[in-house]
Amino acid sequence: MSDSAANASPAAADSGRSRLPEWGSAIAWPLMSFAVLLAAWEWLVPLARIPEYILPVPSAFFERLWTDRGEIFRHTLVTGNEIVLGFLMAAVISIPLGYVIVSVRILEKAIYPVIVFFQLVPKIAIAPLFVVWFGFGLFPKVLLTFLLCFFPTLVASMTGFRALDERVLYLTRSMGASAWQTFRYVRVPAALTYIFSGLKVSAVFAATGAIVGEFVGANAGLGYLLLRGTSFLDMPLIFACLVALSVVGILFSYIVDGLEILLMPWQRKG
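Residues numbered from 1 in each chain as written. Predicted model: local features only at pLDDT ≥ 70, side-chain atom pairs only at ≥ 80, totals over all residues. Heavy atoms only, no water.

## Description of helix 7 (residues 138–162)
The terminal C-alpha atoms of helix 7, which comprises 25 residues, lie 36 Å apart, in line with the 36 Å expected from a rise of 1.5 Å per residue. Where helix 7 bends most, at F150, the angle is about 30°, and the proline P152 comes one to four residues later. With 19 of 25 residues buried, helix 7 is to be regarded as a mostly interior element. (Helix = DSSP H or I, 4+ residues; strand = E, 2+ residues; numbered from the N terminus. Expected span 1.5 Å × (residues − 1). Bend = angle between axes of the 7 residues up to and from the residue. Buried < 20%, exposed > 50% of the residue type's maximum accessible area, 1.4 Å probe, protein only.)

What follows is the structure in structure tokens.
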């Protein structure tokens, strides 16, 4: 027993050491790429004599990001709140709706074409209507974010729930599994890969929806701050806001990836 434990311990240590370089390389390589890009940017812009009001150097907008960190952070929280609420609303509604549409065939024929029709309407075109209907508050931005995230998640959910082989369902019935057990232990795990593919796409669209909503009408948020910087040709502020928005998008994408790892442990490597 002690020999087996001793043999298992080095194996676990080797596994841990092998995972550490993997995580380190996943972080180090993107950081190195960004460092090279920013260094080239910092060097080439003055060399090409491009004025700051057209393209600032990274040191200028990173300095602005630090000096105005309080204001930028406050507006970042507003935009992040809109992104999270719109994304969660889309996930909570579209995933169960995808299961219902796949399960009830007549709904797929009756409702899905209507959903596709409304999806074809450009969201930027209807964003001003939301301001007229709901004002300049939080709700129109959340609603626009929801509409951009809804369709990719719905289609991915429908694909996932439809991908299960019908013979597996026959097998679970023959083994006496209830409808809830079949749904919980068979349908949902089989569909999660597709669902998270849709959620990852929606996570990208969520930031776009929030910013577009703030462009149309807002008194807070990174979109509002971007418009303010544009009106004064304050390029360091504009690029500082873009950096903050990129950080929000990256963090949000990592959260979705973390949820995928948490809910799908059978796909973990090593």
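Continuing now.
## A short note on the environment of N81
With respect to the element layout, N81 can be found in helix 3 (residues 69–103). For the pair N81 and V142, spaced 61 residues apart in the sequence, the C-alpha separation amounts to 8.6 Å.

## Some points on the packing of helix 10 (residues 222–231) against helix 11 (residues 235–263)
Running from amino to carboxyl end, helix 10 crosses helix 11 at an angle of 160°, the nearest separation of the two axes being 8 Å. When the axis of helix 10 is compared with that of helix 11, the two are roughly antiparallel. Crossing of helix 10 over helix 11 shows left-handed handedness. Side by side, helix 10 and helix 11 meet where L222, L225, L226, R228, G229 and T230 of the first sit next to L237, I238, C241, L242, A244 and L245 of the second. Looking at the contact of helix 10 with helix 11 residue by residue, the classes come out as nine nonpolar, two polar and one charged. (Axes fitted to C-alpha atoms, helices over the stretch in contact; angles between N-to-C directions. Parallel < 35°, antiparallel > 145°, perpendicular 65-115°, else oblique. Left-handed = near helix turned anticlockwise from the far one by under 90°. Contact = heavy atoms within 4.5 Å. Nonpolar A, V, L, I, M, F, W, Y, C, P; charged D, E, K, R; others polar.)

## Thoughts on helix 6 (residues 123–134)
The end-to-end C-alpha distance of helix 6, which contains twelve residues, comes to 16 Å, matching closely the 16 Å that a straight helix rising 1.5 Å per residue would cover. K123, I126, A127, F130 and V131 are the residues of helix 6 that are buried. Within helix 6, the buried residues cover an arc of 170° as seen down the axis, which keeps them to one side. Across from the buried face of helix 6, at angles greater than 90 degrees, the exposed residues are A125 and V132. Here the buried face of helix 6 lies against helix 5 (112–119), helix 7 and helix 9 (179–216). Just past helix 6, the residue G135 takes up positive phi, approximately 85°. (Arc of directions from axis to C-beta.)

## Quick look at the side chain of E82
Following the sequence through the fold, E82 ends up in helix 3. Salt bridges are absent for the buried E82, whose nearest opposite-charge side chain, K141, sits at 5.5 Å. In contact with E82, not counting residues within four places along its chain, are L138, K141, V142, T145, A210 and E214. (Lys, Arg positive; Asp, Glu negative; His and termini not counted. Salt bridge = Lys/Arg side-chain N within 4 Å of Asp/Glu carboxyl O.)

## Some words on the pattern of salt bridges
Counting across every chain of the model gives five salt bridges. Of the charged contacts, one joins D68 and R64 as a salt bridge, the two residues approaching to 2.5 Å between their closest N and O atoms. Of the charged contacts, one joins D257 and K200 as a salt bridge, the two residues approaching to 3.7 Å between their closest N and O atoms. Of this pair, D257 sits in helix 11 while K200 sits in helix 9, and the two are 57 residues apart along the sequence.

## Things to note about the packing of aromatic side chains
Two numbers describe a pair of aromatic rings. These are the distance of the centres and the angle of the planes. Counted by the stated rule, this structure contains twelve aromatic pairs. Measuring from ring centre to ring centre gives 5.7 Å for W41 and F239, while their planes differ by 75°; the resulting arrangement is edge-to-face. Taken together, the residues W41 in helix 1 (residues 2–47) and F239 in helix 11 connect sequence positions 198 residues apart. With a centroid separation of 6.2 Å and an interplanar angle of 50°, the aromatic rings of F130 and W133 are classed as tilted. Placement of the pair is F130 and W133 together in helix 6, with a separation of three residues, close to one helical turn. Note on F130: relative accessible area 7%, which makes it buried. What links up through ring pairs into an aromatic cluster is the set W41, F61, F62 and F239. The lysine or arginine in question, R69, covers the ring of W66, its NZ or CZ lying 3.9 Å from the ring centre. The lysine or arginine in question, R184, covers the ring of Y185, its NZ or CZ lying 4.9 Å from the ring centre. (Phe/Tyr/Trp six-rings, centres within 6.5 Å; stacked < 30°, edge-to-face > 60°. Lys NZ or Arg CZ within 6 Å of the ring centre and 35° of its normal.)

## A few points about the nonpolar core
Among the nonpolar cores identified, the biggest contains 47 residues, and I83, F87, L199 and L222 are the most heavily contacted of them. Those elements that place two or more of their residues in this core are helix 3, helix 6, helix 7, helix 9, helix 10 and helix 11. With residues near it in sequence (within four places) discarded, L199 still touches F87, A91, T153 and V256. (Core = buried A, V, L, I, M, F, W, Y, C linked by side-chain atoms within 4.5 Å.)

## Regarding the environment of F87
Its place among the elements puts F87 in helix 3. Distance in space between the C-alpha atoms of F87 and A203 is 7.0 Å, their sequence separation being 116 residues. Contact partners of F87, with chain neighbours within four places excluded, come to T145, C149, L199, S202, A203, A206, F252 and V256.

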